[in-house]
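# Structural description and commentary
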Amino acid sequence: MNEQKKGKLNIVGIGPGHEDYITPASLRAIQEAELVIGYTTYIKLVQHLLNDKQIIRTGMTEEIKRAQIAIEEAKQGKIVSIISSGDAGVYGMASLVFQVLEEIGWKKGDNPEIHIYPGITAINACASLIGAPLGHDFCSISLSDLLTPWPIIKKRIELAAQADFVIGFYNPASGRRQRQIVEAKEIISKYRPGSTPVALVKSAYRKREHIVLSDLDHFLDYEIGMLTTVIVGSTNTRFFEGYIYTPRGYTNKYNILEGTVKEGQKPGFSLNLESL
Ligand code: SAH
């Protein structure tokens, strides 16, 4: 029997945009590919790695086509890398590839093989530029209502705000979509003071990187667009020397400078609430 050569589909997160922040594994996954597929902006970010490779660039709204082509070409026996910025599994191409695979009845072990390479997602990249805002529990919410009904997104904002998560907003606004971040602010303001730290990080680790540190009352005075991630602090998040950080609770248990345990507390055991 003429057995077809198995192809390989790499789903690759390329990090925020600067070559120092792509992992060696993702780099190899791109280098070994015969065909690289991605949204035009991301292809540009890794252009210098592509040399003589076959490249398929597609526009923003052509994701489904991109996933289908990637699978089809890999099935033919090629090594194909489909790339997303940040992590491909975070509002990226990975889940769409799985959805297409499910629809076409792909089974584990079938052609093509699937490999997934993680990348530094925007919330981590942006956090590193402003301090340590994610030091305690956090979540991310995409404000894009292109594929998710707005009432569902609103409910998530409401509950995340109520639960005092630090919130990273992906897709906060675009040319046509400006209303969502305004509503998000109104919801969060019911639960957190106007002085809560908010960071707007645009194009982290890219040429046009721009950072604004503001607060809940004032952050809407600044430009927020498609390349911005908005990080809203919890009620514990604070400003310190030009940074924003969220303490983890060490001072509930320890005297930080002395390195000693506070009275009534025990290392390795749950916090004693009566001594707080
Ligand atoms: N897969 C990507 C997210 C894609 S959704 C990841 O893991 O990072 C697109 C949104 O991600 C943008 O609207 C923006 O909110 C955020 N984003 C992506 N790259 C960014 C960067 N370099 N700086 C700031 N925000 C970024």
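No experiment lies behind these values; they were computed from the predicted model shown.

To continue, consider the domain arrangement of the protein. The domains assigned to the protein are domain 1 (8-120) and domain 2 (123-250). For domain 1 versus domain 2, the distance between C-alpha centres works out to 28 Å. Counting residues at the interface gives 11 residues for domain 1, matched by 10 residues for domain 2. Roughly 790 Å² is buried in total at the junction of domain 1 and domain 2, and carbon and sulfur atoms are behind 66% of that figure. Our count for the domain 1 to domain 2 interface comes out at 0 salt bridges. Where domain 1 packs against domain 2, one counts 4 residue pairs in polar contact (both at pLDDT 80 or more). Residue composition of the side of domain 1 that touches domain 2, grouped by class: 8 nonpolar, 3 polar and no charged.

Now for the sheet that holds strand β6 (residues 131-132). Overall, mixed pairing links the 3 strands, which are arranged β6-β13-β12 in an open sheet. Strand pairing shows two members of the sheet lacking a second neighbour, β6 and β12 (238-240), which therefore form its edges. Sheet topology places β12 next to strand β13 (residues 243-245); 3 bridges connect them, and they run antiparallel. Directly across from F240, in β13, lies its bridge partner Y243.

Further remarks concern empty space enclosed by the protein. Taken as a whole, this structure holds 1 cavity of 30 Å³ or more when the rule is applied. The calculated volume of the largest cavity comes to roughly 60 Å³. If you go around the largest cavity, the residues you meet are I14, G17, H18, E19, I22, L45, V46, H48 and L49. Per-class residue counts for the lining of the largest cavity are 5 nonpolar, 3 polar and 1 charged.

Turning next to the packing of helix α3 (residues 63-75) against helix α4 (residues 94-103). Contact geometry for α3 and α4: axes closest at 9 Å, N-to-C directions at 65 degrees. When you trace α3 past α4, the crossing you get is right-handed. Residues E63, I64, A67, Q68 and I71 of α3 pack against L96, V97, V100 and L101 of α4. Among the residues forming the contact of α3 with α4, the class breakdown is 7 nonpolar, 1 polar and 1 charged.

On to the pattern of salt bridges, then. The full count for this structure, using the stated rule, is 8 salt bridges. In this structure, E183 and K154 form a salt bridge, with 3.5 Å as the shortest nitrogen-oxygen distance. One end of the pair, E183, is in helix α7 (residues 179-189); the other, K154, is in helix α6 (residues 150-162), with 29 residues separating them in the sequence. Look at E183 and you get buried, because its relative accessible area is 18%. In this structure, K190 engages E158 in a salt bridge whose closest nitrogen and oxygen atoms are separated by 2.9 Å. With K190 in the loop between α7 and β9 (197-202) and E158 in helix α6, this residue pair connects regions lying 32 residues apart in the sequence. Linked through salt bridges whose partners overlap, the residues forming this network are D145, K154, R179 and E183.

Procedures and definitions
Residues numbered from 1 in each chain as written. Predicted model: local features only at pLDDT ≥ 70, side-chain atom pairs only at ≥ 80, totals over all residues. Heavy atoms only, no water. Domains from an automatic or database assignment. Contact = heavy atoms within 4.5 Å. Buried area = accessible area lost by both parts, 1.4 Å probe. Salt bridge = Lys/Arg side-chain N within 4 Å of Asp/Glu carboxyl O. Polar contact = N/O pair within 3.5 Å; in protein donor to acceptor, adjacent residues only side chain to side chain. Nonpolar A, V, L, I, M, F, W, Y, C, P; charged D, E, K, R; others polar. Pairing = 2+ DSSP bridges. Helix = DSSP H or I, 4+ residues; strand = E, 2+ residues; numbered from the N terminus. 1 Å grid on protein atoms, 1.4 Å probe; cavity = no way out; pocket = protein on both sides within 12 Å on 5 of 7 lines; lining within 4 Å. Points joined across faces, edges and corners; volume = space filled by probe spheres on them. Axes fitted to C-alpha atoms, helices over the stretch in contact; angles between N-to-C directions. Left-handed = near helix turned anticlockwise from the far one by under 90°. Buried < 20%, exposed > 50% of the residue type's maximum accessible area, 1.4 Å probe, protein only.

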